[in-house]
Amino acid sequence: MEIDFSKSAHGLIPAIIQDSETKNVLMLGYMNAEAYQKTVETGKVTFYSRSKQRLWTKGEESGNFLNLVDIKNDCDGDTLLIQAQPVGPTCHTGADTCWQTPNDESYGFISKLENTIESRIKNADSEKSYVASLFKLGINKIIQKVGEEAVEVVIEAKDTNDDLFLGESADLFFHYLILLQAKGFKLDDVVSILKSRQK
């Protein structure tokens, strides 16, 4: 990996730190060649502190280390993207990130869909909402819908119409998300169990 530390008068380049699992950006620091080398050798993300004028390993005082997972160089060779596993909060204020945002797992559109379902459930008086009307019918009706959609997925899986199979799969997943919330859970709870089963 060719890294160009010469583009800065002080031999420092930006290092963007990203959580290797959640993909959230945790902080921005600066590295010189020595900090980069120490990061690679120790597996602990190390910066050059412009205020302290020395190498600084994140967590050396707090214990909130950033354990190195991967380093990528950008197309110009002068900015690093470092994936790490944080041990505790990253920001010196005690926040998860230096932007004061929680380092929560996000599934993009699926998380947005979960939030929409939650909103519709909370506004259960709405007669126009399918989710609200289904939720008002109770857990047994929700379970029944999940069962019906699962059977339809199995039926379409035995056929050759991919559009029907994918459509039924989407219906099943949607109703499963409703069932999860009816039981007081989110997709993240299921993902946590899957992660615990990794070998």
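Residues numbered from 1 in each chain as written. Predicted model: local features only at pLDDT ≥ 70, side-chain atom pairs only at ≥ 80, totals over all residues. Heavy atoms only, no water.

### Observations regarding helix 2 (residues 109-122)
Piece 1. In a regular helix each residue adds 1.5 Å, so 14 residues correspond to 20 Å; helix 2 covers 20 Å between its end C-alpha atoms and thus fits that length.
Piece 2. Those residues of helix 2 lying buried are Ser111, Leu113, Glu114, Ile117 and Ile121. Taken end-on, helix 2 shows its buried residues confined to a sector of 160 degrees, consistent with a single buried face. Away from the buried face of helix 2 by more than 90 degrees, exposed residues Phe109, Lys112 and Lys122 are located.
Piece 3. Those residues of helix 2 that are buried are in contact with helix 3 (130-136), helix 5 (162-182) and helix 6 (187-196). (Helix = DSSP H or I, 4+ residues; strand = E, 2+ residues; numbered from the N terminus. Expected span 1.5 Å × (residues − 1). Buried < 20%, exposed > 50% of the residue type's maximum accessible area, 1.4 Å probe, protein only. Arc of directions from axis to C-beta. Contact = heavy atoms within 4.5 Å.)

### So, the sheet that holds strand 2 (residues 25-31)
Working definition: the strands of a sheet are paired by backbone hydrogen bonds and lie parallel or antiparallel to each other.
Piece 1. Strand order in this open sheet of 4 strands is 2-1-6-5, and the pairing throughout is mixed. Two strands bound the open sheet, and with one partner strand each, they are strand 2 and strand 5 (66-73). Ignoring strand direction, the axes of neighbouring strands in this sheet form an average angle of 30 degrees.
Piece 2. Its contacts with the sheet place helix 1 (residues 33-42) against strand 2, strand 5 and strand 6 (80-86), and it is angled at close to 125 degrees to strand 5. (Pairing = 2+ DSSP bridges. Axes fitted to C-alpha atoms, helices over the stretch in contact; angles between N-to-C directions.)

### Digging into the UniProt feature "domain: Phosphoribosyl-AMP cyclohydrolase" (unreviewed entry) in the protein chain
Piece 1. This chain's UniProt record puts "domain: Phosphoribosyl-AMP cyclohydrolase" (unreviewed entry) on residues 27-100.
Piece 2. Counting secondary structure, residues 27-100 comes out at 14% helix and 38% strand; the distance between its end C-alpha atoms is 10 Å. (UniProt positions renumbered as here; feature names shortened; annotations may be inferred.)

### Some remarks on the nonpolar core
Soluble globular proteins tend to pack their nonpolar side chains together in the buried interior.
Piece 1. Within the largest apolar cluster, 20 residues are counted, with the highest numbers of intra-cluster contacts made by Ile17, Met31, Val45, Leu80 and Ile82.
Piece 2. Sorting the residues of this core by element identifies strand 1 (13-19), strand 2, helix 1, strand 3 (46-49), strand 5 and strand 6 as the ones contributing at least two each.
Piece 3. For Val45, the contacting residues outside a window of four places in its chain are Ile17, Met31, Thr39, Trp56, Thr57, Lys58, Leu66, Ile82 and Ala84. (Core = buried A, V, L, I, M, F, W, Y, C linked by side-chain atoms within 4.5 Å.)

### Notes on the domain arrangement of the protein chain
Piece 1. One can read the domain layout of the protein chain as domain 1 (9-86) and domain 2 (109-197).
Piece 2. On a C-alpha basis, the centres of domain 1 and domain 2 stand 41 Å from each other. (Domains from an automatic or database assignment.)

### Comments concerning the packing of aromatic side chains
Piece 1. For the coordinates displayed, the defined rule picks out 1 aromatic pair.
Piece 2. Sitting above the plane of the Phe65 ring, Lys44 keeps its charged end 4.9 Å from the centroid. (Phe/Tyr/Trp six-rings, centres within 6.5 Å; stacked < 30°, edge-to-face > 60°. Lys NZ or Arg CZ within 6 Å of the ring centre and 35° of its normal.)

### Quick notes on a nonpolar patch on the surface
Piece 1. A surface patch of nonpolar side chains, about 300 Å² in accessible area, is lined by Val25, Leu28 and Trp99.
Piece 2. With a relative accessible area of 38%, Val25 lands in the partly exposed category. (Patch = residues over 30% accessible without salt bridge, like charges linked within 9 Å, V, L, I, M, F, W, Y side chains within 5 Å. Areas by Shrake-Rupley, 256 points an atom, 1.4 Å probe, with all protein chains shown as cover. Salt bridge = Lys/Arg side-chain N within 4 Å of Asp/Glu carboxyl O.)

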